[in-house]
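Fold and geometry: a report
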Amino acid sequence: MEIYQLRTFLAVAQQGHLTQAAEQLHLSQPAVTAQIKALEEELGVSLFDRVSSGVQLTDAGKRLVPDAEKVLGSARGLIDHARSLQGELRGRIRIGTLVVPARLRLGQWLRDVQRRHPLLEAQTRLGLSRDILAEIRRNNLDCGFFLGRDSFANVTAITLTEIGFCVAVPAELADALNHADWQQMNGTPWLGVSPRSTIATMTQELWRTHNIAPRIVGEFDDEATLAELIKAGLGMALLAERTAKRFAADGAFVLWRGGEVVIRAPLQFIYPAEREGDPLLMALRESLKTIWDLP
């Protein structure tokens, strides 16, 4: 019996489908099928039954899942222990980052990591919060940043700070909306935001809270684009407070109610819960806590 066979067994059990498990493991479906068959032959029991939606665990399979999880956990613990004995941490860490690196204190953080662990290599990948979360769950990223709230099943999240958001308004609408309430904002076009973006989630939450449904113009996926389109007069949108005030100070657009913060969202650092104790991730986490002055 091989460790990789147990990893495949648990992936299929979690996904309930051979193809989806294969995608998660970056294997072909025949390879997954062959590993499950070999494991069944060695154990002498059938682990899965085929059903219309894919596969489901047999009674024996259900009973063996906790044992497989324990074995994999022990294997990960062995790897973590071995790494800690090597003295100097080394390796590559894949980090999901958001569009504004200064907001993440990314430069300060990675400089501190490099100073403490010169053999660690950081690799960043830019994305939206929910894309980063999905890639971490697929093991395509080791860790990353997430702006907003989520249940974070099987993911550890550390809150770094709370970020306020303001409503940015095209300059030509400033006089008309200077004293407007939320109902009056209903008649003004808003810029649409990619549903994978936290800004879209917060915008929808505000609209539900104030019972409005404005006309949406387009669909865009980053703050820099939103700011440029607000400046051009295409519509209004939520922007992070610091970004909004910087553009407003240059006269690019105006802020509703003088820059009132209408909603807040936590900025969080996330990584797989199963990798708690991984020396590489723990080193990144401790450095991050230092940069953000966290306990």
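As a starting point, this report considers the structure included with it. These numbers come from a predicted model, not from an experiment.

All right, on to the pattern of salt bridges then. Scanning the entire structure with this criterion turns up 17 salt bridges. Of the charged contacts, one joins Arg-275 and Asp-278 as a salt bridge, the two residues approaching to 2.8 Å between their closest N and O atoms. Assigned by exposure class, Arg-275 and Asp-278 land together as buried. What emerges from the salt-bridge pattern is a single network uniting Arg-94, Asp-142, Arg-275 and Asp-278.

This part is about the nonpolar core. Grouped together as the largest cluster of nonpolar side chains are 71 residues, with contacts concentrated most on Trp-109, Phe-145, Phe-165, Val-167, Leu-238, Leu-267 and Phe-269. Here the element with the most residues in this core is strand β6 (residues 155-169); it accounts for nine residues. Core analysis: the next-biggest nonpolar cluster, separate from the first, contains 18 residues, Leu-6, Ala-21, Phe-48 and Val-65 among them.

Counted according to the given criterion, the structure contains nine aromatic pairs. With a centroid separation of 5.6 Å and an interplanar angle of 90°, the aromatic rings of Trp-109 and Phe-145 are classed as edge-to-face. Taken as a pair, Trp-109 in helix α6 (residues 106-116) and Phe-145 in strand β5 (residues 143-147) lie far apart in primary sequence, 36 residues in all. The class of Phe-145 is buried, set by a relative accessible area of 0%. Ring geometry for Trp-190 against Trp-207: centres 5.5 Å apart, planes inclined by 90°, an arrangement best described as edge-to-face.

Let's shift gears to the pairing of strand β7 (residues 190-193). Judged from the three bridges that link them, β7 and strand β8 (residues 216-220) form a sheet pairing that is parallel. Residue pairing for β8: Leu-191 is matched across the bridge by Val-217. Note on the crossover from β7 through helix α10 (residues 198-210) to β8: the handedness is right-handed.

Another aspect to go through is the packing of α6 against helix α13 (residues 279-291). Contact pair α6 / α13: the axes reach a minimum separation of 9 Å and the direction vectors enclose 130°. Taken together, the axes of α6 and α13 are oblique relative to one another. The crossing of α6 and α13 is right-handed. On the side of α6, the interface is formed by Gln-108, Trp-109, Asp-112, Val-113 and Arg-116, while α13 contributes Leu-284, Glu-286, Ser-287, Leu-288, Thr-290 and Ile-291. Of the residues contributing to the contact of α6 with α13, the split by class is five nonpolar, three polar and three charged.

Right, let's get into helix α3 (residues 29-43). For α3, spanning 15 residues, the distance from its first C-alpha to its last is 21 Å, which sits close to the expected 21 Å at 1.5 Å a residue. Of the residues making up α3, those classed as buried are Val-32, Gln-35, Ile-36, Leu-39 and Glu-40. Projection of α3 onto a plane perpendicular to its axis shows the buried side chains occupying an angular sector of 135°, all on one side. Facing away from the buried side of α3 by over 90 degrees, the exposed positions are Pro-30, Lys-37 and Glu-41. Residue Gly-44 follows α3 closely and has a positive phi angle near 80°.

Residue placement: Glu-223 occurs in helix α11 (residues 223-231). At 2.9 Å, the side chain of Glu-223 and the backbone nitrogen of Ala-240 are in polar contact. Not counting the four nearest positions on each side in its chain, Glu-223 is found in contact with Val-100, Arg-103, Phe-165, Ile-199, Leu-239, Ala-240 and Thr-243.

Time to look at the packing of helix α1 (residues 3-15) against helix α2 (residues 18-25). Between two packed helices, what matters for the description is the angle formed by their axes and the separation of those axes. The contact between α1 and α2 brings their axes to 8 Å, and the two run at 130°. By the angle class used here, α1 and α2 are oblique. Between α1 and α2 lies a crossing of right-handed hand. Of α2, the residues touching α1 (which contributes Arg-7, Thr-8, Ala-11, Val-12, Gln-14 and Gln-15) are Leu-18, Gln-20, Ala-21, Gln-24 and Leu-25.

Turning our attention to α10. Between its first and last C-alpha atoms α10 spans 19 Å; for 13 residues at 1.5 Å apiece the expected length is 18 Å, and the two agree. Every buried residue belonging to α10 is among Thr-198, Ile-199, Ala-200, Met-202, Thr-203, Leu-206 and Trp-207, and all of these are buried. Its side-chain oxygen placed 3.1 Å from the backbone nitrogen of Ile-199, Ser-197 serves as the N-cap of α10. Positive phi shows up at Asn-211, right after α10, with a value of about 55°.

Definitions and limits used
- Residues numbered from 1 in each chain as written.
- Predicted model: local features only at pLDDT ≥ 70, side-chain atom pairs only at ≥ 80, totals over all residues.
- Heavy atoms only, no water.
- Salt bridge = Lys/Arg side-chain N within 4 Å of Asp/Glu carboxyl O.
- Buried < 20%, exposed > 50% of the residue type's maximum accessible area, 1.4 Å probe, protein only.
- Core = buried A, V, L, I, M, F, W, Y, C linked by side-chain atoms within 4.5 Å.
- Helix = DSSP H or I, 4+ residues; strand = E, 2+ residues; numbered from the N terminus.
- Phe/Tyr/Trp six-rings, centres within 6.5 Å; stacked < 30°, edge-to-face > 60°.
- Pairing = 2+ DSSP bridges.
- Right-handed = clockwise from strand over helix to strand, strands pointing away.
- Axes fitted to C-alpha atoms, helices over the stretch in contact; angles between N-to-C directions.
- Parallel < 35°, antiparallel > 145°, perpendicular 65-115°, else oblique.
- Left-handed = near helix turned anticlockwise from the far one by under 90°.
- Contact = heavy atoms within 4.5 Å.
- Nonpolar A, V, L, I, M, F, W, Y, C, P; charged D, E, K, R; others polar.
- Expected span 1.5 Å × (residues − 1).
- Arc of directions from axis to C-beta.
- Polar contact = N/O pair within 3.5 Å; in protein donor to acceptor, adjacent residues only side chain to side chain.

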